[in-house]
Amino acid sequence: MSHKAWMKTVPTENCDVLMTFPDTTDDHTLLWLLNHIRLGIPELIVQVRHHKHTRVYAFFVTATYESLLRGADEIGLRKTVKAEFGGGMRSFSCEEDYIYENIENELYFFTSQERQNIIRYWLENLRAKQGESLHNIHFLEGQPIIPELAARGVIQQIFPLHEQRILKRLMKSWVQAICEAQPLGTVSRGWHGGRGVSGGVPALLTPSLVPADEICDYFGVKIAMYFAWLGFYTSAMVYPAVFGSILYSFTESDQTSQDICCVVFAIFNVIWATLFLEEWKRRGAEFAYKWGTLDTPAESIEEPRPQFRGIKRISPVTSAEEFYYPPWKRLLFQCLVSLPVCLTCLSVVFLLMLGCFQLQVGPHPASPPPLPHADLDPNPVPPSPQEFMLSIQELPRIIRFLPKIVLAVIVTACDELYKKIAYWLNDMGAC
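Note that the structure is predicted; figures quoted are calculated from it, not measured.

Visitor: Would you mind going over the environment of Ile311 with me for this structure?
Guide: In this fold, Ile311 is placed in strand β11 (residues 311-314). Judged by relative accessible area, Ile311 falls into the exposed class, the value being 54%. Note: C-alpha distance between Ile311 and Pro326 (15 residues apart in sequence) is 9.1 Å. Discounting residues that sit within four places of it in the chain, Ile311 has contacts with Glu322, Phe323 and Tyr324.

Spelled out as C-alpha cells, the structure:
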C-alpha cells in the first residue's frame, strides 16, 4: 500500500458496514471515493485498511451515536415510545428524543440492523454533482455514486458485519433449541401465551421455539416475518396431517369408500385453509403492529431507489424536487428492445434444443418388409423411435453421448449469457 493511502488509515475499533475493493484498485480511486464519502456524508466514520494476504482494500464504515440519531430522524425509523408518553411505536424525532425507550443507552437503543440500515441509506444516497467523473466513469448530475461503482466493479462488495455477541445468543435461544425440544405430545407455550401440542412438528420451526423478536432485532422485519409465518404454517399442518391419517386408517379398499374419503378430506382442507388464512391475518397484524410496520408509508410516497435515473422536476403532488422518467420512454424500450430480445432468446434456445434432440433421436427407423398374408399380425406395433447416436455401436462410447453433452454445455452457456442480458435489460428498464 502506498504512502498516500497509509496516511488516511486509522485503527479500527468497531464497524457496521464493510466495503471491499479489488486488489487492482489504485490509490486515486480509493482517495477519490474516500474524499466524496467524508465530504458528502460527514456523519460517517470511514477507516481504510489493507489485507496483507489477499491484498484487498476495504473501508470500515460506522457512525457515532449522535449521527445515528440524526439518521433515524431522517429516514423516519420507528421506535418504541415510553409508557408514560403513550406507548406504541412512533417515527423517531430528535426534537422529542426523550420520549423513546432506552434513549439513554447508546448500546441498546439501536439494533445492529437498524444501524446498518441507516448507514446503507446514507451510502446509497451519496449523489454525484454535475460533471463529476472517475477514470472513464462519467456520472450524471444527481446519480448515486456507490451503486454505480458497484455495478462497474470498482467496488467489489458491500455487506453488513455480524455481531458475534448477538449471534451466540441466537444460537442458544433458537438453533440449539432443536436439541432440547420437548418430547412428542408434550404441551408447550406459544408466542401469545396459548397452549398447544408440539408433537410431530420440527422443533426449529415451532412457534414456541422461534425467538421472533430477537430475529427481528437482528435480521430485520422481513426475515422475522418469514420465520414467524413458517413456524405458524408448520404447526397448522399438524391438523390436516392427523385428520388425513385417521381418515386413511378408516378407508376401505373399495372405490366408493375411497371416493367418499377424498371428498371429505377435500372439504376439510377447504375449511382448514380458510381458518388458517384468517388466523394468520390476525397473527400477521399483531406482528406488524408490534414491529412498527402496520402503517408503513406506501411506496408511492417513499424515497425512490438510488439506482433510479431521470430528469429533475418539481412533483405536482408533493411540490418537492424529484427524479422523473417519462412513461412513454419506458414503454418504447419495452416494445422495441425488451420484447424482441426476449423472443429472440427463446427462439434460439428452442432451435438449439430441437437440433440436439434431432441429433439424439435420429431418423425414424424404417418399417420391416411385409410378412406373408398368412403371417400378418392382426395388431401390428408401430416401430418406436430410437436414440440414433446410441444405436451406432461402432462409435466410441463418449461420442455416442455427444448430443447430451452438447445440450448440457448449451444450457450452461445460455444460462450465463441470458443472465447478463437480463441484468442489462433490468438496468436499462429501471429508469
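Text resumes after the structure shown.
Visitor: Help me understand the packing of helix α7 (residues 212-219) against helix α8 (residues 221-236) in this model?
Guide: Packed helices, taken two at a time, are described by their axes: the angle between them and the distance between them. Interaxial distance between α7 and α8 falls to 7 Å at its minimum, and their mutual angle equals 150°. The orientation of α7 relative to α8 falls into the category roughly antiparallel. Handedness of the crossing formed by α7 with α8: right-handed. Between α7 and α8, the residues in contact are Ala212, Ile215, Cys216 and Phe219 and Val221, Ile223, Ala224 and Phe227, respectively.

Visitor: Just to check I follow, could you spell out the pattern of salt bridges for this structure?
Guide: Side chains that differ in charge, positive against negative, can pair when their charged atoms come close. Summed over all chains, the structure comprises 13 salt bridges. As a salt-bridge pair, Glu279 and Arg283 come within 3.1 Å of each other at their nearest N and O atoms. One end of the pair is Glu279 and the other is Arg283, both in helix α10 (residues 255-290) and four residues apart, which spans about a single turn. Overall, Glu279 belongs to the partly exposed group, its relative accessible area being 25%. Judged by relative accessible area, Arg283 falls into the buried class, the value being 18%. Residues joined by salt bridges that share partners form a network here, namely Asp16, Arg115, Glu163 and Arg165.

Definitions and limits used
Residues numbered from 1 in each chain as written. Predicted model: local features only at pLDDT ≥ 70, side-chain atom pairs only at ≥ 80, totals over all residues. Heavy atoms only, no water. Helix = DSSP H or I, 4+ residues; strand = E, 2+ residues; numbered from the N terminus. Buried < 20%, exposed > 50% of the residue type's maximum accessible area, 1.4 Å probe, protein only. Contact = heavy atoms within 4.5 Å. Axes fitted to C-alpha atoms, helices over the stretch in contact; angles between N-to-C directions. Parallel < 35°, antiparallel > 145°, perpendicular 65-115°, else oblique. Left-handed = near helix turned anticlockwise from the far one by under 90°. Salt bridge = Lys/Arg side-chain N within 4 Å of Asp/Glu carboxyl O.

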